[in-house]
Amino acid sequence: MMKETGNFPGKEARAVPNTRLDPRLAGYARAGWESVCREMQLPEGGFTERQAAQQRERYGANRPAAARRALGPRLRRAFLNPFSLTLLALCVLAWVTELLPGDGLAHEGTAPLMTGMLLLSGLVRLALEMRAHRQAQQLQRRTRLTVPVLREGRWQERDAEELVIGDRIRLRAGDPAPATVRLTRARDLFVSQSLLTGESAMTEKTPDPETDPAARPAAWRCLVWAGSTVVGGTGEGVVLALRPDAAPDEEPRRAGFDRGAR
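Conventions we followed
- Residues numbered from 1 in each chain as written.
- Predicted model: local features only at pLDDT ≥ 70, side-chain atom pairs only at ≥ 80, totals over all residues.
- Heavy atoms only, no water.
- Helix = DSSP H or I, 4+ residues; strand = E, 2+ residues; numbered from the N terminus.
- Contact = heavy atoms within 4.5 Å.
- Polar contact = N/O pair within 3.5 Å; in protein donor to acceptor, adjacent residues only side chain to side chain.
- Phe/Tyr/Trp six-rings, centres within 6.5 Å; stacked < 30°, edge-to-face > 60°.
- Lys NZ or Arg CZ within 6 Å of the ring centre and 35° of its normal.
- Core = buried A, V, L, I, M, F, W, Y, C linked by side-chain atoms within 4.5 Å.
- Buried < 20%, exposed > 50% of the residue type's maximum accessible area, 1.4 Å probe, protein only.
- Pairing = 2+ DSSP bridges.

1. Remarks on the environment of Arg172
Here's step 1: With respect to the secondary-structure elements, Arg172 resides in the loop between β3 (168-171) and β4 (179-192).
Here's step 2: Once the C-alpha coordinates of Arg172 and Gly233 are considered, the two residues, 61 residues apart in sequence, prove to be 6.8 Å apart.
Here's step 3: Setting aside residues no more than four positions away along its own chain, Arg172 makes contact with Thr146, Val147, Pro148, Glu157, Val230 and Gly233.
Here's step 4: Polar side-chain contacts of Arg172 include one of 2.9 Å to the backbone oxygen of Thr146.

Structure (structure tokens):
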């Protein structure tokens, strides 16, 4: 049975938001995988169902983060964007020129028309975002990711939401990483981290510990981050953090086209 140690990512680690990397993962990345398995006291044949249930009770289930349902953030995204702010400035200018006494620098009705355009554009964006959110939830419910997991001394195909911290799993080409994994074996393993870092280049992953203290988390080759996609090869490793408990502390890198379009 795995014991809870000072370096093991428990509930305190799960409270860390995605934008802040749990420092304990850095220790696992710089240690050999044998040391990681020994420190976490992982059974050779994997967890029993009872042990997995205890781990799930202690650290939570492997489910995606619940999407924000608050209306405030959605309203901000709908109305506080470059287009809306530009239109708002024009609305203010139109109202000022229309209300000023004198020879009338603006036609009557221009300011109300522009105000209506501002409100309409924000409401349309808000409605489209809510619709897309509902469709994404429906698609998520229909699609289920299964992962080979070592349980009860044998490899079994399990739903990704059944994973617990300390599970030994296998990664296959074409599948997204269901959790943050410390590799123990890898064969020509390449992953795409574009959803996390914005970089389109493939990254090769190996079980060798990280030796460069200046390397950014996304460049750690022995860790496969939750949210990345296995492009080629196979791998095997230990689940260190459930999604989305840990993510590399990276800001998406915008290409020149993206910066210019923005």
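2. Section: the packing of aromatic side chains
Here's step 1: Inspection of every chain in the model, using the stated rule, returns one aromatic pair.
Here's step 2: Taking the ring centre of Trp155 as reference, the NZ or CZ of Arg170 above it sits at 4.0 Å.

3. Observations concerning the environment of Phe79
Here's step 1: Within the element layout of this structure, Phe79 appears in helix α5 (residues 71-79).
Here's step 2: Once the C-alpha coordinates of Phe79 and Ser121 are considered, the two residues, 42 residues apart in sequence, prove to be 8.2 Å apart.
Here's step 3: Those residues within four positions of Phe79 in sequence are excluded, and the remaining contacts are Ser84, Leu85, Leu118, Leu119, Gly122 and Leu123.

4. Structural notes on the nonpolar core
The tendency in soluble globular proteins is for nonpolar side chains to be buried side by side.
Here's step 1: Counting residues in each nonpolar core, the largest one holds 19 residues, and the members touching the most others are Met40, Trp220 and Leu223.
Here's step 2: Elements with a contribution of two residues or more to this core: α2 (23-30), α3 (33-39) and β7 (229-242).
Here's step 3: The element contributing the most residues to this core is α2, with four residues.
Here's step 4: Grouped together as the second largest cluster of nonpolar side chains are 18 residues, Val147, Ala160, Val181 and Val239 included.

5. Things to note about the pairing of strand β2 (residues 154-159)
Here's step 1: Note that strand β1 (residues 146-151) and β2 share six bridges and pair antiparallel. By the bridge assignment, Arg151 is partnered in β2 with Arg154.
Here's step 2: Connecting the antiparallel pair β1 and β2 is a turn made up of two residues, with Glu152 showing a positive phi of about 55°.

Just geometry here; none of it tells us what the structure is for.
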